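Survey of secondary and tertiary structure
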Amino acid sequence: SAVDAAIAAQLVLGLVEPQSSGIGGGAFALHWDAEQEALTAWDGRETAPATLNDEHFLKDGKAMSFFEAVIGGHSVGTPGVIALLDSLHQRYGKLPWKSLFQPAIALADSGFVISPRLHTLLVRMPKVAVNPAITAYFFEADGKTPKAVGTNLRNPDYADSLRLIARQGSKGFYKGKLAKAMVAAVQNAPNHAGLLSESDLANYRAIERPAVCSAFRQYRVCGMPPPSSGGTTVGAILGALQHATSTSDSQAQQWHHFAEASRLAFADRNHYIADPDFVAVPTQGLVDTTYLKQRSSLIQPGARMREAPVGKPPGVGSTRMVSARSPELPSTTHLSIVDAQGNIVSLTSSIETAFGSRVFVGGFLLNNQLTDFSFEPENAQGLIANRPQGGKRPRSSMAPTLVFESETPRLVIGS
């Protein structure tokens, strides 16, 4: 099935593209069941440790710098990829769970060739070689020179981790030996210790959520709901564009409309989107056709908005929230899979910035997804929706997407 293929592919990507994703990170997925004609969305986003508070990224009352916050266990959330893959497999998998791990195990044992992209990121990304485990794996004996393009890189520790999860299922990741190793690596990180606990891992669950769908011309565009901002922001951009553009527009005018529609969509995104289990998010209101038509009236053909204002979509709650950005750097992967029966998986997976937290344990990198929270919990105007809180899932911009025409899938894509 498409799910079987997605599992096998993700496990291999975690080995050969470790800077971007892996079992130490999180993911969002859309699944289309062709026989039932049913679309589901699956949230495997990382969660904040239960003991975390809203001042987690403050130092002397001020927000930390980005890399001060990233490096070490301080930025690590409870990983969600394995729980997500396990949930999908239980519902839609056909091949045995254990068999899906064999390609990645074999490749980890025999080794893979370091690609130009992996090597370039090792050279260019700051502060990669910051602890002995990550340095020994990616760098030469001097601890400074990244291993060359074409080097055969073996990872027996990753193979052993996968064997354990293949044999025991997701509990092999979230409980026992591997869980203890992750907690120890985070809590004893030499650069910046973190709060991840064995109970955080044992209590983690992937969540099935309703996809968020919006109208664009003759299409229905479906994406991931909060805590991802993917579905609402893609839908808001397209909805505003539909009303702002015409077939007579020049290419320059079309790009202008796209930029302005994006600014309006991100103004709402930065204000409203957060974990819906902690904050009331007006998800459907953000892609409401009437609301987006009203928003599009702010786009002027010959002028740039001085400031893109936050709107008031239908369903806005009474709790006052204020806008805030969170620093999200690009380092993520996406896969789109269709099987012979027409089942579809659109899966976007990430450890956040390239090489994540730099904490390397069990042959894989742990995420720095907690830095996707807003560093400050509030400002002079009020509380920030995406502020850090224990057990909360940080906002994401990952956007797995399916496009339908007359209820038939036409496009599977993601970013």
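Read on for a plain summary of the structure. Treat the numbers as computed from the prediction; the structure is a model and nothing was measured. (Residues numbered from 1 in each chain as written. Predicted model: local features only at pLDDT ≥ 70, side-chain atom pairs only at ≥ 80, totals over all residues. Heavy atoms only, no water.)

1. Things to note about the overall build of the protein
- Counting its regular elements, the protein contains 14 helices and 18 strands.
- Taking 22 Å as the expected radius of gyration for a compact globule of 415 residues, we find that the protein reaches 21 Å, a close match to that expectation.
- In terms of overall dimensions, the protein has C-alpha extents of about 60 × 55 × 40 Å along its principal axes.
- Out of the 415 residues in the protein, the part that is buried amounts to 56%.
- Long-range pairs, those at least 24 residues apart, make up 73% of the contacts in the protein with a sequence separation of at least 6.
- Counting every atom, the protein has about 17,200 Å² of accessible surface; 52% of that belongs to carbon and sulfur.
- Both charge centroids of the protein, one from 37 positive and one from 35 negative side chains, sit 2 Å from each other. (Helix = DSSP H or I, 4+ residues; strand = E, 2+ residues; numbered from the N terminus. Rg over C-alpha atoms; globule rule 2.2 N^0.38 Å. Buried < 20%, exposed > 50% of the residue type's maximum accessible area, 1.4 Å probe, protein only. Contact = heavy atoms within 4.5 Å. Areas by Shrake-Rupley, 256 points an atom, 1.4 Å probe, with all protein chains shown as cover. Lys, Arg positive; Asp, Glu negative; His and termini not counted. Charge placed at Lys NZ, Arg CZ, Asp CG, Glu CD.)

2. A closer look at empty space enclosed by the protein
- In this structure the tally under the stated criterion is two cavities of 30 Å³ or more.
- Roughly 100 Å³ of internal volume is contained in the largest cavity.
- Sorting the residues of the lining of the largest cavity by element identifies α11 (230-244), α12 (251-272) and α14 (289-296) as the ones contributing at least two each.
- Here the lining of the largest cavity takes five residues from α12, the largest share from any one element.
- Partitioned by chemical class, the residues of the lining of the largest cavity number nine nonpolar, two polar and three charged.
- Approximately 40 Å³ is the volume attributed to the second largest cavity.
- Around the second largest cavity sit Gly 14, Leu 15, Pro 18, Tyr 137, Asn 155, Phe 360, Gly 363, Phe 364 and Leu 365, which together line it. (1 Å grid on protein atoms, 1.4 Å probe; cavity = no way out; pocket = protein on both sides within 12 Å on 5 of 7 lines; lining within 4 Å. Points joined across faces, edges and corners; volume = space filled by probe spheres on them. Nonpolar A, V, L, I, M, F, W, Y, C, P; charged D, E, K, R; others polar.)

3. Focus on the packing of aromatic side chains
- Evaluation of the coordinates by the stated rule reveals 13 aromatic pairs.
- With a centroid separation of 6.5 Å and 90 degrees between ring planes, the pair formed by Trp 42 and Tyr 92 is classed as edge-to-face. Residue Trp 42 is found in strand β2 (residues 38-44), and its partner Tyr 92 is found in helix α3 (residues 81-92); the two are separated by 50 residues along the sequence.
- Seen from their ring centres, Phe 173 and Tyr 174 are 4.8 Å apart, and the 75 degrees between their planes marks the pair as edge-to-face.
- Assessed through its relative accessible area of 0%, Phe 173 is described here as buried.
- Accessibility expressed as a relative area gives 6% for Tyr 174, which makes it buried.
- Taken together, the ring pairs connect Tyr 137, Phe 138, Phe 355 and Phe 360 into an aromatic cluster.
- The ring of Phe 404 has Arg 220 sitting right over it, with the charged end atom 4.8 Å from the ring centre. (Phe/Tyr/Trp six-rings, centres within 6.5 Å; stacked < 30°, edge-to-face > 60°. Lys NZ or Arg CZ within 6 Å of the ring centre and 35° of its normal.)

4. Some points on the sheet that holds β2
- One open sheet holds the five strands; their spatial order is β7-β2-β1-β12-β11, and the pairing between them is antiparallel. Single-partner strands in this sheet number two, and they are β7 (207-209) and β11 (332-338). Direction aside, the axes of adjacent strands within the sheet are offset by 15 degrees on average.
- Those strands touched by helix α1 (residues 2-16) are β1 (26-33), β11 and β12 (344-350), and its axis lies near 155 degrees from that of β11. (Pairing = 2+ DSSP bridges. Axes fitted to C-alpha atoms, helices over the stretch in contact; angles between N-to-C directions.)

5. Things to note about the pairing of strand β17 (residues 401-405)
- Buried residues dominate β17, accounting for four of its five residues.
- Two elements, β17 and strand β18 (residues 408-413), share five bridges in a ladder whose sense is antiparallel. Along β18, the bridge assignment pairs Glu 405 with Thr 408.

6. Brief notes about the environment of Asp 54
- Relative to the assigned elements, Asp 54 resides in the loop between β2 and β3 (58-59).
- Overall, Asp 54 belongs to the partly exposed group, its relative accessible area being 30%.
- With 93 residues separating them along the chain, Asp 54 and Lys 147 place their C-alpha atoms 39 Å apart.
- If sequence neighbours within four positions are ignored, Asp 54 has contacts with Phe 375, Pro 377 and Pro 388.

7. Focus: the pairing of β2
- For β2, the buried fraction is high: five of the seven residues fall into the buried class.
- Relative to β2, β1 runs antiparallel, the two sharing seven bridges. By the bridge assignment for β2, His 31 is matched with Thr 40.
- Taken together, β1 and the strand that follows it, β2, pair antiparallel across an intervening segment of four residues, in which Glu 37 is found at a positive phi of about 50 degrees.

8. A few points about the nonpolar core
- Counting residues in hydrophobic clusters, the biggest one holds 68 residues, and the most contacted among them are Leu 11, Ile 23, Phe 101, Phe 138, Phe 173, Phe 355 and Phe 364.
- Once you skip the residues sitting within four places of it in the chain, Phe 364 turns out to touch Ile 23, Gly 24, Tyr 158, Ser 161, Phe 173, Leu 178, Met 182 and Val 359. (Core = buried A, V, L, I, M, F, W, Y, C linked by side-chain atoms within 4.5 Å.)

9. Observations regarding the state of the cysteines
- All chains considered together, the criterion is met by one disulfide.
- Between the sulfur atoms of Cys 213 and its disulfide mate Cys 222 the distance is 2.1 Å. Disulfide Cys 213 to Cys 222: torsion about the S-S bond roughly 110 degrees, handedness right-handed. (Disulfide = S-S within 2.5 Å.)

10. Quick look at the environment of Ala 159
- Topologically, Ala 159 is positioned in helix α7 (residues 156-168).
- Note on Ala 159: relative accessible area 0%, which makes it buried.
- In this view, Ala 159 contacts Ile 105, Ala 108 and Asp 109; residues no more than four positions away in its chain are not counted.

11. Section: unusual backbone geometry
- At the junction of Pro 226 and Pro 227, the peptide bond is cis and its omega measures out at 20 degrees in the coordinates.
- When you line up the elements, Pro 227 lands in the loop between β9 (219-223) and α11.
- Residue Glu 352 is not a glycine yet carries a positive backbone phi of 85 degrees.
- Positionally, Glu 352 belongs in the loop between β12 and β13 (360-361).
- Given the relative accessible area of 3%, Glu 352 is considered buried.
- The backbone of Glu 407 sits at a positive phi, close to 65 degrees, despite the residue not being glycine.
- Along the chain, Glu 407 falls in the loop between β17 and β18.

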